[in-house]
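Observations on the model geometry
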Amino acid sequence: HDTSRGMHAKSIELQVPLGTVVRERVFTGERSAAGRRIFRPVYRYQLLQENETWVAARGGRGGLGPSSPRLKNGRQGEVGQRS
């Protein structure tokens, strides 16, 4: 397949220094006075050893494909899939 998305996507590896901390921005449910969403950092992982890996986003399992929602056969997409 000549695509780089979904189940055919290749993994991307980044080299980072030891001690790198992985954080995720999480919406607090609050908004600033200007109406902007407020996020807070949440600790996820810290790389402390040589050649250590951590998967930030796992590749897809494929999917329903672009034509399935048009079939109207009751199949639903999984969480994170566009319909």
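Data block above holds the structure.
So, a few notes on the structure that sits alongside this text.

Calculation rules
Residues numbered from 1 in each chain as written. Predicted model: local features only at pLDDT ≥ 70, side-chain atom pairs only at ≥ 80, totals over all residues. Heavy atoms only, no water. Helix = DSSP H or I, 4+ residues; strand = E, 2+ residues; numbered from the N terminus. Buried < 20%, exposed > 50% of the residue type's maximum accessible area, 1.4 Å probe, protein only. Contact = heavy atoms within 4.5 Å. Areas by Shrake-Rupley, 256 points an atom, 1.4 Å probe, with all protein chains shown as cover.

1. Points about the overall build of the protein chain
Within the protein chain one finds one helix and two strands. Secondary structure elements of the protein chain occur, N-terminal to C-terminal, as β-β-α. With 83 residues in all, the protein chain has 5% of them scored as buried. Taking the intrachain contacts of the protein chain between residues at least 6 apart in sequence as the baseline, contacts between residues at least 24 apart amount to 27%. Summed over all atoms, the accessible surface of the protein chain reaches about 8,200 Å², with 47% contributed by carbon and sulfur.

2. Things to note about unusual backbone geometry
With a phi close to 55 degrees, N51 is a non-glycine residue in the positive phi region. Assignment of secondary structure puts N51 in the loop between β2 (37-46) and α1 (68-71).

3. A few points about the environment of V21
In this structure, V21 sits in strand β1 (residues 21-31). It is 4.4 Å that separates the C-alpha atoms of V21 and Q46, two residues lying 25 residues apart in sequence. V21 has contacts with Y43, Y45 and Q46, leaving out every residue within four places of it along the chain.

Limitation: the analysis is restricted to geometry and does not speak to function.
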